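Fold and contact review
Read off the chains here:
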Amino acid sequence: MLGYTLSRLGRAAVTLIIVVSLAFVILRLTGDPGQIMLGPDAPPSAYAAFRRNWGLDQPIWVQYLKYFAAIFEGDLGRSMRDGRPALEVVMERAPITLAITGPAFLMNLMIGLPAGIIAALHRNTALDRAIMTVSVLGFTVPSFVMGLTLALIFAVQLRWLPSGGSDTWAHAVLPIATMGLIGAAVIARFTRSAMLEVMGQPYIRTASAKGLPWREVVVTHALPNAAIPTLTIIGFMVGSLVAGAVVVESIFSWPGVGRLLVTAVANRDLAVVQVILLAIGFTMVAANLAVDLAYGWIDPRLRLKPTPTGA
Amino acid sequence: MTDATSPARRDPEDADRARTGSVFTTKSRAAAFFERFPPAVLLALAWVAMTLVVVAIAPLITPYDFKVMDLRARLMPPVFAGGDWAHPLGTDELGRDVLSRLLISVRVSLVIAFLSTLIAATLGVALGFLAAWARGRTEQVILMLIDAQAAMPFMILALAVLAFLGNSLALFTLLLGFYGWERIARIARGLAIAASEQGYATAVRDLGASPWRIYGRHILPNIASTLIVSMTLNFPEVILLESGLSFLGLGVQPPLTSLGSMVGYGRDYIQSAAWIMLAPAAAIVATTLSISIIGDWLRDLLDPTLR
Amino acid sequence: MSALLEVRDLARHFAVARPGGLWGRRATLRAVDGVSFDIEAGRTLGLVGESGCGKSTTARLVLGLTPATAGDIRFDGVPVTARHDGDWRRARARMQMVYQDPLGALDRRQAVAEQIGEPLAIHRPLTPRAERAERVAALMDAVGLRRDQAARYPHELSGGQRQRVVIARALALDPQLLVCDEPVSALDVSIQAQVLNLLDDLRARTGFAALFISHDLKVVRQMADRVAVMYLGRIVEEGAPDEVFHAPLHPYTQALVAAIPTLGRRRVRTTLRGDPPSPVDRPPGCPFHTRCPVAIARCASETPALRHDAGRAVACHLAAATPFAEIV
């Protein structure tokens, strides 16, 4: 287990380094980082300080290392709109995004997992086919189409819910529903195939043949084994929720990090874009690491030391 | 007395078997055909064929030039909602014909998606093969790149690149070409390693073949079917990604139009003229759905072991 | 005059980890441990031994398919390396291998004629198409395949036919050395005889030298001019086939020969005790002494060297005590 944990930590660290390097490369490709980070109106002394801090007169590998240092210190430039530190601007929006991505994630699990399990248990019946047909929408309907369609139905035609803004909890319903439904469909499909694969294993038949009631076979044997591959898809869902938030927040004018990213890109507020890229990178690496470690904890094959074989 | 719901009545094949004792059934040719090509697949193939025709000849069949504005005919509804056949799918806020714009958008979106998928496949196969052939450190580096790409949601990466490097059409297509390469690389590497363990690759190497020949003339043809299936799975996802970015205004720029940007423009008129948004949205869903159905079917046909 | 293939003190060691994960002890697997032999042009050396004795590894080392840990291999005076560069690839035109599993050695997706012609495409790419097709047809005739089988795919042919395809492909460029690694082990017994006869005919006609590897003594006896017996990575006996089989000197060879089923008179069976030790846990002294029915104390401490005398060689303390000529 220790070896596994260490190797996963190592992988996470390497991925982080690659993400930061990518940000560094993109940043350097676009021209003067000083202009980008500080904006055109900063005083010359600020530029000079920036050049010193980031080592812009020095060889590229020094700049690379100084970039890492700058990240750790949180000194990542200022938003062009209001001159505030970019990190601050992003961080204050983070909880607003979490306010919809969190419940959406829960919705994904609470709808998707049972749907997939039920579909698997009632394979090839009308129920299974119905669930699968509906869940195909998760793959083929883009989040903006889903969002706009829901808005069209519930906000425009039925007028039950508001279509934009973030004043009341009612405003959160449509964004959460959009991301929740799409993610639930994906999880349902995946859970179903994971369950089917487990159910096809000989040991399930053996358990049932031993006389165990079917319910117990499913709960004790099938579910825990199907949980393992399902974990990986959950890690993937975090990423797609983040990506979905970008579009959904734009549709519903929800003032979270996603919407901030879109406006920052449109306005070329590059300091903010950079911070968001790094922040999401770190978040994703942390999420994947958590999934990997959970994986290692749940799967006894990884947890227990391999026993020596033979003489 | 046989019950009406007894098995012999329900399944004509069993009835045949019970009657004649033979295992040959009298399944009609139609039934056999539909078993081989399920109706959903047929519909999907039909839609895809239609879109391919549109891609090929879109500029020739548009009733109007998609850029032409006619401010006297703004926001006219489609023909089934009160409009007339002059504009079968209505007009948008600048009086441009929605049908014409739809046809051109389909072409733009699909061409971009096709080129991007091709780039992703080329990149993925090249790096996957390189990792399989070189092993050792090069392989580790490539695996780390694959992991890193898989960790980040591509939308975020794309937005960052678009912010920093601008969004010319060429750059945009190239950027989308980086979507999905890591999955193809993983598959290509796995298949190449399995193939080289299979002996025929070693044997050809022992004949004195260069690595290009080994990979190009022997390994690649043997794994081509699996790769093509992966590409058909990648294709609809690129369409969705491109539409999403264009919807946000960051992808295909005017005067060009794509399905996503049409939805983006139509969004402001969701209350008054919903058809501007619905036509391209329906096209997106229908196209990605069809390609997914065909991809699933191909996968079941060619390689049931691939999930 | 030096031989076509000269092998001196060839060794191939693998570092392996013992069971126990990260804390297992490291050990060395001596797959080939100091093997030396010569093959003259046009002659065949048979290499026999049980599974795991290192015969296949020797074959791969000789051709430079695997890098050697130690030792010297010379083909026509030129050292053989395992670096798969341009030189190595060009050298392939002069030495080829026939594999144990013909189906695995062929590409499922190509017609057999195309695969037979592939060496020509690689090494003589400028040959006109018609000439190449002629050569392929000639090769197919030589190995006994019908012309109409040219467009067949490997899985459409029988095992014996596939092996003929592999042989034809190996001979496409008239190599001077052919290494056959258990070429008939995967075939039915009746087909084995056909393929062996074919190899014999081809050798008579084209005159290639051959390293013929098998665990089956009868097969080697038919094909080889000289026989070497391997045990745990070392050669323990060498000589002309008839001499080695009628008057084996090494106890291991004696046991092997005695195990051959024969019609008629009963031979005294020398059963070996115990299981073959793993090449990782090599016993000290003579590697065979743990199973040897006539081992003495010296065998456990001192490794016998391969002693050459009068065209025969043996690595055994007891056999070395008397001059060979007297035994024969």
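Rules of the game
- Residues numbered from 1 in each chain as written.
- Chains lettered and ligands numbered in written order.
- Predicted model: local features only at pLDDT ≥ 70, side-chain atom pairs only at ≥ 80, totals over all residues.
- Helix = DSSP H or I, 4+ residues; strand = E, 2+ residues; numbered from the N terminus.
- Rg over C-alpha atoms; globule rule 2.2 N^0.38 Å.
- Contact = placed C-beta atoms within 7 Å.
- Axes fitted to C-alpha atoms, helices over the stretch in contact; angles between N-to-C directions.
- Parallel < 35°, antiparallel > 145°, perpendicular 65-115°, else oblique.
- Left-handed = near helix turned anticlockwise from the far one by under 90°.
- Nonpolar A, V, L, I, M, F, W, Y, C, P; charged D, E, K, R; others polar.
- Buried ≥ 20, exposed ≤ 12 C-beta atoms within 10 Å, placed from the backbone.
- Pairing = 2+ DSSP bridges.
- Core = buried A, V, L, I, M, F, W, Y, C linked by C-beta atoms within 7 Å.
- Expected span 1.5 Å × (residues − 1).
- pLDDT = per-residue confidence, 0-100.
- Bend = angle between axes of the 7 residues up to and from the residue.

With that settled, consider the overall build of chain C. Each helix and strand in chain C was counted, giving 13 helices and 12 strands. On C-alpha atoms alone, chain C measures out to a radius of gyration of 21 Å, which is about the 20 Å that the 2.2 N^0.38 rule sets for 328 residues. Sequence separation of 24 or more characterises 65% of the internal contacts of chain C that already satisfy a separation of 6 or more.

Turning to the overall build of chain B, a few remarks are in order. A tally of regular secondary structure across chain B gives 13 helices and 0 strands. For chain B, the sequential pattern of α-helices and β-strands runs α-α-α-α-α-α-α-α-α-α-α-α-α. For chain B, contacts bridging at least 24 residues in sequence account for 67% of all contacts bridging at least 6.

A few words on the packing of helix α5 (residues 98–134) of chain B against helix α9 (residues 181–197) of chain B. All names here are of chain B. Across the interface, α5 lies against α9 with an axial gap of 7 Å and an inter-helix angle of 40°. Taken as axis vectors, α5 and α9 run oblique relative to one another. The handedness of the crossing between α5 and α9 comes out as right-handed. Residue-level contacts link A120, A121, L123, G124, V125, L127, G128, F129, A131 and A132 of α5 to W181, I184, A185, R186, I187, A188, R189, A192, I193 and S196 of α9. Each residue belonging to the contact of α5 with α9 can be placed in one class, and the counts come to 15 nonpolar, 3 polar and 2 charged.

Residues and elements named next belong to chain C. For strand β3 (residues 44–48), the buried fraction is high: 5 of the 5 residues fall into the buried class. In the sheet, β3 pairs with strand β8 (residues 209–214) via 5 bridges, with the strands oriented parallel. Residue V48 lies in a different strand from β8, and its bridge partner there is S214. One ladder, built from 4 bridges, connects β3 with strand β9 (residues 226–231); its direction is parallel. Across the sheet, the residue bridging to L45 is R226, located in β9.

Below, the discussion takes up the interface of chain B and chain A. On the side of chain A, 42 residues touch chain B, which itself brings 37 residues to the contact. Looking at the side of chain B that touches chain A, the elements with two or more residues in it are α6 (136–151), α7 (154–165), α11 (211–247), α12 (259–267) and α13 (275–302) of chain B. Per-element tally for the side of chain B that touches chain A: the top contributor is α7(B), with 9 residues. Class assignment of the residues belonging to the side of chain B that touches chain A gives a composition of 28 nonpolar, 6 polar and 3 charged.

Let us now look at the sheet that holds strand β6 (residues 95–98) of chain C. Residues and elements named next belong to chain C. Taken together, the 8 strands give an open sheet; going across it, the order is β6-β7-β8-β3-β9-β10-β12-β11, and neighbouring strands pair in mixed fashion. What marks the edges here is a single partner per strand, and that holds for β6 and β11 (307–309). Taken over all neighbouring pairs, the strand axes of this sheet differ in orientation by 20° on average, direction set aside. Against the sheet, helix α1 (residues 55–62) makes contact with β3, β6, β7 (177–181), β8 and β9, and its axis sits at roughly 155° relative to β8, the strand it touches most.

For the rest of this paragraph, the subject is the nonpolar core. Ranked by size, the top nonpolar core spans 251 residues in total, and within it L261(A), V272(A), V273(A), I156(B), L159(B), L211(C) and F212(C) carry the most contacts. By residue number, the principal contributor to this core is α5(B), which donates 18 residues.

Residues and elements named next belong to chain C. Within strand β10 (residues 234–239), 6 of the 6 residues are buried, leaving the element largely enclosed by the surrounding structure. Pairing of β9 with β10 involves 5 bridges; the strand directions are antiparallel. Paired with M230 across the bridge in β10 is I235. Hairpin connection between β9 and β10: a loop of 2 residues separates the two successive antiparallel strands, and L232 in this loop has a positive phi of roughly 50°. Relative to strand β12 (residues 312–314), β10 runs antiparallel, the two being bridged by 2 bridges. Bridging from a neighbouring strand, E237 pairs with V314 of β12.

Here helix α7 (residues 143–157) of chain A spans 20 Å end to end across 15 residues, near enough to the 21 Å set by a 1.5 Å rise per residue. Those residues of α7(A) lying buried are S143(A), F144(A), V145(A), M146(A), G147(A), L148(A), L150(A), A151(A) and A155(A). Structurally, α7(A) contributes buried residues whose contacts are with α8 (170–199) and α10 (214–251) of chain A together with α11, α12 and α13 of chain B. Backbone geometry just after α7(A) places R159(A) at a positive phi near 55°.

All names here are of chain A. Relative to the helices and strands, A287 resides in helix α12 (residues 270–298). When the C-alpha atoms of A287 and I234 are compared, they prove to be 9.5 Å apart, with 53 residues separating the residues in sequence. Excluding residues within four positions of it along the chain, A287 makes contact with G235 and V238.

Our focus in this paragraph is the confidence of the model for chain C. Residues and elements named next belong to chain C. Looking at chain C, pLDDT values average 83 and 91% of them are 70 or higher. Of the regions scoring below 50 in pLDDT, residues 324–328 engages in 10 contacts with residues more than four places distant in sequence or in other chains. In the predicted assembly, ipTM is 0.82 and pTM is 0.76.

This brings us to unusual backbone geometry. Glycine aside, the phi torsion of most residues is negative, and most peptide linkages are trans. Residue P255(B) is reached from P254(B) by a cis peptide bond, and omega for that bond is 10°. Tracing the sequence through the fold places P255(B) in the loop between α11 and α12. One non-glycine residue with positive phi stands out, namely D9(C), at about 50°. We classify D9(C) as partly exposed; it has 13 C-beta atoms within 10 Å. Here L232(C), not a glycine, exhibits a phi torsion of approximately 50°, which is positive. Mapping L232(C) onto the fold places it in the loop between β9 and β10. Looking at L232(C), the number of C-beta atoms within 10 Å reads 24, which means it is buried.

Before going further, it helps to examine helix α5 (residues 86–121) of chain A. Compared with an ideal rise of 1.5 Å per residue, which puts 36 residues at 52 Å, α5(A) spans 50 Å between its outermost C-alpha atoms and is within 8% of the ideal. At L98(A), α5(A) shows its largest bend, some 30°.

All names here are of chain B. Two elements in contact, α6 and α9, have axes separated by 9 Å at closest approach and are oriented at 140°. In this structure, α6 crosses over α9, and the sense of that crossing is left-handed. When α6 is examined against α9, the residues I146, Q149 and A150 are found in contact with a partner set consisting of E182, A185 and R186. Tallied by class, the residues present in the contact of α6 with α9 amount to 3 nonpolar, 1 polar and 2 charged.

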